[in-house]
Amino acid sequence: MTTSKKSNGWALLPFVLLLVLFFCGFPIVTATLFAAVMSFFYGKGKKVSEKFSTFAKGAGDEGVLTMLMIFALSGAFSAVATSMGGRDAVVNLGLSLVPVQFLAAGCFVIAMIMSTACGTSMGTIAAITPIAVGVGQKGGLDMLVLLGAVTGGAMFGDNLSMISDTTIAACRGQGVEMKDKFRLNFLIALPAAVITIILLCIFGRPDVVVPIGELSYSLMKVIPYLVVLVLALVGVDVMLVMMLGIVVAGGVGLLTGDITIIGFAESIWTGITDMDQSFYLAVLIAGMSEVVKEEGGIEWLVENMRKIMKSNKSAQLSIAALVGLADAAITNNTVAIIVSNPVAKDVSRQYNIDPRRTASLLDLFSCVVQGIIPHGGQTLLACTLAASYGIVATPIDVIPYLWYCMLLGVFGVISVFVPFADGAARRDPWNWEYDCAESKVAEKKAKLEKELAQA
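Residues numbered from 1 in each chain as written. Predicted model: local features only at pLDDT ≥ 70, side-chain atom pairs only at ≥ 80, totals over all residues. Heavy atoms only, no water.

*Asks:* Would you take a moment to explain the pattern of salt bridges for this structure?
*Replies:* Here the idea is simple: oppositely charged side chains can pair when their charged atoms come close. Following the criterion strictly, the structure yields nine salt bridges and no others. Ionic pairing is found between Arg183 and Asp180, a salt bridge with its closest N-O pair at 3.3 Å. Of the two residues, Arg183 and Asp180 both sit in helix H10 (residues 178–203), three residues apart, roughly one turn of that helix. Since its relative accessible area comes to 38%, Arg183 is described here as partly exposed. Accessibility expressed as a relative area gives 13% for Asp180, which makes it buried. Taking the shortest distance from any N to any O, the salt bridge between Arg356 and Asp354 comes out at 2.6 Å. Within the structure, one salt-bridge network assembled from shared partners comprises Glu177, Lys179, Asp180, Arg183 and Lys440. (Salt bridge = Lys/Arg side-chain N within 4 Å of Asp/Glu carboxyl O. Helix = DSSP H or I, 4+ residues; strand = E, 2+ residues; numbered from the N terminus. Buried < 20%, exposed > 50% of the residue type's maximum accessible area, 1.4 Å probe, protein only.)

*Asks:* Sorry if this is basic, but what is going on with the side chain of Ser348 here?
*Replies:* Along the polypeptide, Ser348 turns up in helix H17 (residues 333–350). At 2.9 Å, the side chain of Ser348 forms a polar contact with the backbone oxygen of Lys345. (Polar contact = N/O pair within 3.5 Å; in protein donor to acceptor, adjacent residues only side chain to side chain.)

*Asks:* Any chance you could explain unusual backbone geometry here in plain terms?
*Replies:* Trans is the prevailing form of peptide bonds, just as negative phi is the prevailing case for residues other than glycine. Residue Asn352 is not a glycine yet carries a positive backbone phi of 50 degrees. Here Asn352 is to be found in the loop between H17 and helix H18 (355–372). You will see that Asp435, though not glycine, has its phi angle at about 55 degrees, which is positive. As for its placement among the helices and strands, Asp435 is situated in the loop between strand S1 (430–431) and strand S2 (436–437). You can call Asp435 partly exposed: its relative accessible area is 30%.

*Asks:* Mind showing me how you'd approach a nonpolar patch on the surface here?
*Replies:* Residues Leu187, Val410, Val413, Ile414, Phe417, Val418 and Phe420 make up a contiguous nonpolar surface patch of roughly 550 Å² in combined accessible area. When residues of the nonpolar patch are assigned to their parent elements, the largest contribution, four residues, is made by helix H21 (residues 403–417). Position of Val413 among the secondary structure elements: in helix H21. (Patch = residues over 30% accessible without salt bridge, like charges linked within 9 Å, V, L, I, M, F, W, Y side chains within 5 Å. Areas by Shrake-Rupley, 256 points an atom, 1.4 Å probe, with all protein chains shown as cover.)

*Asks:* Help me understand the packing of aromatic side chains in this model?
*Replies:* Taken as a whole, this structure holds nine aromatic pairs when the rule is applied. When the centroid spacing of 5.9 Å and the interplanar angle of 80 degrees are considered together, the rings of Phe40 and Phe52 count as edge-to-face. Of the two residues, Phe40 sits in the loop between helix H2 (28–38) and helix H3 (48–59) while Phe52 sits in helix H3, which places them twelve residues apart along the sequence. Measuring from centroid to centroid gives 6.3 Å for Phe203 and Trp403, while their planes differ by 70 degrees, and the two rings are edge-to-face. In this pair, Phe203 sits in helix H10 while Trp403 sits in helix H21, placing the two residues 200 residues apart along the sequence. Pairwise contacts between aromatic rings join Phe40, Phe52 and Phe55 into one cluster. (Phe/Tyr/Trp six-rings, centres within 6.5 Å; stacked < 30°, edge-to-face > 60°.)

Below you can see the structure in the form of structure tokens.
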């Protein structure tokens with residue numbers, strides 16, 4: 001752990017370079033690589049090899065390696081479940097249960113469920129949008145309302161899912177359990193979702209009611225998603241949950257004949273490689289952040305943020321603003337969280353913000369901004385898919401109908417001043433001495449004593 005408390009704003013130049021290169025059109029991983037290399041070549045009194053040692057300490061942190069392992073397992077589960085038809089089964093099951101007159105609200109709910117189960121907003125939008133737009137055209141639905149509903153529902157799960165990149169990054173970066181962050185976020189997301197459903201039921205009704213037709217699905221193929229969701233919610237270790245999810249999804253696929261043993265293995269590999277961008281970014285940014293911290297960059301940023309932070313509440317709003325601005329610049333909410341984690345961690349400890357609350361803020365506001373920015377991948381994908389059906393819509397057109405994302409932001413801000421979502425955290429307060437929840441102190445003590453005895 002770094003003991004330096006020097007303050008040096010120039011140490012933040014690698015992050016500035018990252019943003020400049022990204023805006024100039026560089027791929028995000030390439031931009032991050034150049035920024036990481038730059039961090040080795042400034043600062044006095046240290047060789048490049050010494051800087052790399054610092055970089056390696058950050059990149060090889062236990063929390064980072066755990067995050068990478070969870071990324072790999074999450075990607076593998078998603079790919080296996082999709083290849084055996086699970087994603088289509090969830091979509092068709094949901095649509096078959098929705099009355100056509102409530103299709104817009106139904107698509108929002110289906111997107112909520114699917115994104116929470118799958119952990120991917122982009123995958124949810126890709127799966128649901130073509131079906132929703134095709135049926136919506138026949139029923140005379142307002143396409144902008146429908147696209148806003150699908151995108152908003154997808155962002156619900158992006159924020160809450162136990163296997164979402166954002167959840168993994170926020171929780172591991174702040175050292176908290178995913179189920180604890182879920183409890184906080186769910187109570188903020190729930191009223192936003194309920195109000196959105198009501199609005200969609202009122203303003204999203206079609207001009208005429210047209211039968212959707214027969215939608216085939218297998219309940220067996222929904223089982224892997226239910227297994228992952230239930231086990232994660234009851235507190236089973238997330239790595240074990242993902243492993244079990246992969247096994248169950250593969251077993252279902254083999255039983256139904258949708259995949260072979262070789263296909264199962266290939267899907268696992270495909271899912272892992274699909275996470276390669278998140279892998280590289282996590283390692284590069286974690287290592288670069290450690291170098292920047294060593295050189296005083298994080299301390300300088302915290303010092304300047306402190307000028308506008310007068311209390312615990314203003315510090316929370318600053319964390320929300322930090323991750324929101326990072327996401328608006330980078331257009332990737334997972335990367336925005338990874339970039340913001342070191343500063344948010346320091347601020348939360350200086351102002352006694354429960355780390356579970358900090359993780360909640362990072363995940364929540366990164367998803368709010370990601371959902372409503374016109375250059376975000378979610379709205380771009382929804383509009384691109386709609387265009388194949390002759391629907392001409394731009395992200396700017398859809399943004400006014402992203403009611404859920406806007407309401408989530410509103411309730412997120414309200415939760416800072418009226419902590420209605422913090423009940424579970426208050427019942428099990430954070431112990432700053434042992435850096436864990438009070439209920440985990442005995443376990444943490446035993447672990448430390450064992451480590452000391454072994455040493």
